[in-house]
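Per-entry structural report
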Amino acid sequence: MDINISYLQEGVTLAACKTDKFKSAVMTVSFAVPLDEQTASGYSLLTNLLSLSTGRFPTMQSFSIIKDELYALGLDAFVQRRGELLLIKLEINTIADSYAFDGERVLFRAAELLGDAIFNPNLENGVFPSASVENEKLCLCEEIASLIENKHAYAMLRARQIMCENEPFAVDAAGDIERVSQLNGEDLMKFYRECVENAPVFITYAGEADFEYVKECVLAHLPFTPRKSVLPDSVFHTTDNKIKRVCEEMEMEQSIIILGLNSVMPNSPRVRAILSVFDEIFGGSPASKLFMNVREKEGLCYYCSSYPAGRKNIIFVSCGVEPGCEDKAIGAIYNELEAMKRGEFTDSDIENAKNSIIRSLMSFESSLGAINGYLLGQILGSDSATVEESIELVSAVTREEVIELAQKIVPELEYILGGAE
């Protein structure tokens, strides 16, 4: 596997991975902006509009025809949260050139269509067509409202909102219904110009193409101008060392518990390696203490696992229990955390955790999406580590480091979503 990174302009970065494992290729353009409740709704709605049509292909029919001509090319646009960044992403998924007829340069034409979506959107009198805007507003509002149907995702969102109130981390990337409802074509043009003209741009490619060919496609069809490349730092989440409990009623067969734990800031590859080993032992795998003891041995819940919150000093623990068993489950989880602080885990636990993490790191080549995600991580952060460096750091983690990290973790939030009992 061959990886190349090039800085095309100030604030415009291209990372490409050459691999012949797949018959298709993926190119993604990501605009990075601060996650903010005032702007998230606008950017979310913008992505819906950019994936519908272009100035050259203004109708859904003409847009579908050109995509079919390019071997059923997929063009998607969506928003994604990454810590306290909001990524506005446009992505093409196309057949590899070597599988096209008569040596056709499919990637070149696909990049042209991607450039159309970004630089030549379908406008009406200089703004996004009002009919399209209103239709996509309705779709996005329905999407946001439907989140409550996914009880676990809804509980995680509420826990994040409660624990990180007034912080960017609490903002939902999809936005909120009230702000979406107020947007119009003129508003969306402001969000569009901010992306295309000012936001740092990260372009990633994974597929069989040589780097020079990928660069040729980008330079020909994605002519971004220089812009500032500085990204905001993650906000350190402080705690007063008091546990806040919030219970919300909802008609459901089982209760969902989300515990918010205040942890160390994962602001270096070394700290992230220690945190990953801790989490793997504590609750991040089927062999973890939470799974084996709280779920299997004590039978207190249907599932129980932990999730470090990206590059934020927070760990969430998620648990599904029978109504009335919430306090028992929470107590059992806290017992396992205290056991980690006392070092009550074996050398075998550490080695198994390391081996699991290393296997996961080495499997990033299993899909084009995973490769693109890895490439984006490499060019987004100034302190990113390669797979090889991450493996070395994980291998070097000691028992003492895991215990020291565990001792800095304190419970902060108990959120329970369930019945009145």
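Here, every reference points to the structure presented above.
None of these values were measured; they are calculated from a predicted model. (Residues numbered from 1 in each chain as written. Predicted model: local features only at pLDDT ≥ 70, side-chain atom pairs only at ≥ 80, totals over all residues. Heavy atoms only, no water.)

**Observations concerning the sheet that holds strand E5 (residues 85-95)**
The strand order across the open sheet built from six strands is E1-E2-E6-E3-E5-E4, with neighbouring strands paired in mixed fashion. This sheet does not close on itself; its edge strands, each paired only once, are strand E1 (2-9) and strand E4 (74-82). Strand after strand, the sheet turns through a mean of 15° between neighbouring axes, direction not considered. (Pairing = 2+ DSSP bridges. Helix = DSSP H or I, 4+ residues; strand = E, 2+ residues; numbered from the N terminus. Axes fitted to C-alpha atoms, helices over the stretch in contact; angles between N-to-C directions.)

**Description of the pairing of E1**
Two strands pair when backbone bridges link them, and E1 and strand E2 (residues 12-18) are joined in this way by seven bridges, in the antiparallel orientation. Bridging from a neighbouring strand, Ser-6 pairs with Leu-14 of E2. Here E1 folds back onto E2, and the loop between the two strands holds two residues, one of which, Gly-11, carries a positive phi near 85°.

**Focus on the packing of aromatic side chains**
Two measures describe an aromatic ring pair: the distance that separates the ring centres and the angle between the ring planes. By the definition in use, this model includes seven aromatic pairs. An angle of 70° between the planes, with centres 5.0 Å apart, marks the rings of Tyr-43 and Phe-191 as edge-to-face. With Tyr-43 in helix H1 (residues 40-50) and Phe-191 in helix H7 (residues 185-198), this residue pair connects regions lying 148 residues apart in the sequence. Classification of Tyr-43 by relative accessible area gives buried; the value is 5%. Taking the relative accessible area as the measure of exposure, Phe-191 reaches 13% and is therefore buried. Ring geometry for Phe-364 and Tyr-374: centres 4.4 Å apart, planes at 45°, overall tilted. A residue pair is termed long-range when its members are at least 10 positions apart, and Phe-364 in the loop between helix H12 (347-362) and helix H13 (368-380) and Tyr-374 in helix H13 qualify at ten residues. Residue Phe-364 shares its accessibility class with Tyr-374, and that shared class is buried. Lying across the ring of Phe-169, Arg-81 places its NZ or CZ 4.9 Å from the centre. The ring of Phe-345 has Arg-399 lying over it, and the distance from NZ or CZ to the ring centre is 4.7 Å. (Phe/Tyr/Trp six-rings, centres within 6.5 Å; stacked < 30°, edge-to-face > 60°. Buried < 20%, exposed > 50% of the residue type's maximum accessible area, 1.4 Å probe, protein only. Lys NZ or Arg CZ within 6 Å of the ring centre and 35° of its normal.)

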